[in-house]
Amino acid sequence: MRGAGKNNGVARAASVVMGAALLFGSAACGASGGTDENATDKKAKAAASATPGGGAGATGGATAPATTSTPSGSPSPTAVSGPETERLKGLVMALGEKAGPYETGLALLDEPFDEIYDASPAVCQPLTGLGRAGHTAQAYAQLSVPDEVSGVDTDVLLRSYKDAGAAGSVMKSLAEAGKRCAAGYSEERTLVDAKVLRVEPVPAPKLGDEAQAYRIVVQDVKDKGASLYTYLTLVRSDATTLSFRSDLLGVDDFGGVPGEIVTAQWEKFSRGAGAGSHGVAAP
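Our subject in this report is the structure included herewith. Going along each chain's sequence as written, the residues are numbered from 1 onward. Local features are withheld for residues below a pLDDT of 70 in this predicted model, meaning they are given only at 70 or higher, and side-chain atom pairs are given and counted only at 80 or more; totals for whole chains, interfaces and linings count all residues. Side-chain calculation: all heavy atoms of the structure are included, whereas hydrogens and water are not.

So, on to the pattern of salt bridges. Each reported salt bridge corresponds to a side-chain nitrogen of Lys or Arg within 4 Å of a carboxyl oxygen of Asp or Glu. Inspection of every chain in the model, using the stated rule, returns 10 salt bridges. Here the residues in one salt-bridge network are Arg198, Glu200, Arg215 and Asp253, joined through shared partners.

Printed below as a string of structure tokens:
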């Protein structure tokens, strides 16, 4: 889905981001003349993540200059620098690091594109984005298979909070959203609302102090009978959360956040943070 290959260079990535601005002003239209919101959002995310390293992104010391939109809730401290931000950047998957077939590349945004979406009802917001949960610092990476246009893409987001209690509240909010929004909700996206059909808990990795995982099934805007799949995993270790969100451009149910990514990121985090792994990632 993020088709920039290894030999394309940063100049191509920058030009793709410029193209993303056009996507925000015009919808992708199919043969029927309808608006394909799913495809447009995917293309915008792809443009924001186009890289010379296979189309993934990371803020582990490799963020390109960019501006980001701020959600309508509390500001997300995406660009705040300081010791904690630098610490997280040293713990997140860095540019060029691999996890099985997946590789981290250069990020052109400071956080996942989904963070600008609004969920309705508001209790469902943690399933869409956690940018309003009161974190104090963050670091972002994005992994995909180099040169694979329609493969699984995964956003990895490390966030720190003032203490373990605050991070625990984030987990509670997500658990509440998982229960109360199981029958679906709506997301206010770039062009139109997207309908989430259902939210289902799936096995979470046995890592950290606690972890949760969900499958989020979204109705295809162009084909009401088709579904798109997103998988979300959130792990808490003391006052830090590790978020993994995977999706692909297509209707295949790919089964979950790739275990290779969860394992590689957890191992790097636990080594650097001195947390020690409390388990192993689920397959």
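We are not done yet, so read on.
Now for the packing of helix H3 (residues 83–91) against helix H6 (residues 259–273). Where H3 meets H6, the axes come as close as 8 Å, and the angle between the chain directions of the two elements is 135°. As far as their axial angle goes, H6 and H3 are oblique. Here H3 contributes Arg87, Gly90 and Leu91 to the contact with H6, which in turn contributes Gln265, Lys268, Phe269, Gly272 and Ala273. Between the N-to-C directions of two axes lies an angle of 0 to 180 degrees, each axis being a line fitted to C-alpha atoms and, for a helix, fitted only over the stretch in contact. Numbering of helices and strands runs from the N terminus; a helix is a DSSP stretch of H or I covering at least four residues, while a strand is a stretch of E covering at least two. When an angle is under 35 degrees it counts as roughly parallel; over 145 it counts as roughly antiparallel; between 65 and 115 it counts as roughly perpendicular; any other value is oblique. Two residues form a contact once any of their heavy atoms are found within 4.5 Å.

Right, let's get into the environment of Val152. Here Val152 shows up in the loop between strand S4 (137–144) and strand S5 (153–160). Remark: exposure states derive from per-residue accessible area (1.4 Å probe, protein chains only) relative to the maximum for the residue type, with buried under 20%, exposed over 50%, and partly exposed in between. You can call Val152 buried: its relative accessible area is 11%. On a C-alpha basis, the gap between Val152 and Tyr102 in space is 9.0 Å, while along the polypeptide they are 50 residues apart. Excluding its chain neighbours within four sequence positions, the residues that come into contact with Val152 are Tyr102, Leu143, Ser144, Val145, Ser246, Asp247, Leu248, Phe254 and Pro258.

Turning to unusual backbone geometry, a few remarks are in order. With omega at 0°, the peptide bond leading from Ser120 into Pro121 counts as cis. Of note, Pro121 is situated in the loop between strand S3 (118–120) and helix H4 (125–128). The backbone phi angle of Asp238 is positive, close to 55°, even though this residue is not glycine.

Bringing helix H5 (residues 164–180) into the picture now. Expected helix span is taken as 1.5 Å per residue step, with the number of steps being one fewer than the number of residues. Given a rise of 1.5 Å per residue, 17 residues ought to cover 24 Å, and the 24 Å separating the end C-alpha atoms of H5 matches this to within 8%. All buried positions along H5 are accounted for by Ala166, Ala167, Gly168, Val170, Met171, Leu174, Ala177 and Gly178. As used in this structure description, the phrase polar contact means that two N or O atoms lie within 3.5 Å; if the pair is within protein, one of them must be able to donate a hydrogen and the other to accept it, and residues adjacent in sequence are counted only when both atoms belong to side chains. At the N-terminal boundary of H5, the capping side chain belongs to Asp163, with an oxygen 3.1 Å from the backbone nitrogen of Gly165.

Moving on, we come to the pairing of S5. The element S5 is extensively covered by neighbouring structure, given that 8 of its 8 residues are classed as buried. Pairing of S4 with S5 involves 7 bridges; the strand directions are antiparallel. Looking at the pairing, Ala139 lines up with Leu158 of S5. In this analysis, strands are considered paired if DSSP registers two or more bridges between them.

Now for the side chain of Lys268. For Lys268, the position within the fold is in helix H6. According to the relative accessible area criterion, Lys268 is buried, its value standing at 14%. Excluding its chain neighbours within four sequence positions, the residues that come into contact with Lys268 are Gly90, Leu91, Val92, Met93, Ala94 and Glu97.

This brings us to empty space enclosed by the protein. Only protein atoms enter the 1 Å grid, on which a cavity is a set of points fitting a 1.4 Å probe that cannot get out and a pocket is an open set with protein on both sides within 12 Å along at least 5 of 7 lines, lining residues being those with an atom within 4 Å of a point. Grid points are joined across faces, edges and corners, and a volume is the space filled by probe spheres set on the points. Going through the model one piece at a time under the given rule, you end up with 4 cavities of 30 Å³ or more. Considering only enclosed or pocket space, the second largest cavity measures out at about 120 Å³ in volume. Forming the boundary of the second largest cavity are 13 residues, of which Pro112, Glu115, Leu157, Arg159 and Ser243 lie nearest the centre. When residues of the lining of the second largest cavity are traced back to their parent elements, those giving at least two are H4, S5 and strand S10 (240–247). Residues were grouped as follows: Ala, Val, Leu, Ile, Met, Phe, Trp, Tyr, Cys and Pro as nonpolar; Asp, Glu, Lys and Arg as charged; and all remaining residues, including Gly, as polar. Across the lining of the second largest cavity, the residue classes tally to 5 nonpolar, 4 polar and 4 charged.

Across the 8 residues of S10, 8 count as buried, placing the element largely inside the fold. The alternating pattern of S10 places Thr240, Leu242, Phe244 and Ser246 on one face and Thr241, Ser243, Arg245 and Asp247 on the opposite face, and all of these are buried. Where S5 and S10 come together, 8 bridges link them in antiparallel fashion. Bridging from a neighbouring strand, Asp153 pairs with Asp247 of S10. Inspection of the sheet shows strand S9 (residues 227–237) paired to S10 by 8 bridges, in the antiparallel sense. Bridge pairing in S10 links Arg236 to Thr241. Linkage of S9 to S10, two consecutive antiparallel strands, is achieved through a turn of 2 residues, within which Asp238 is found at a positive phi near 55°.

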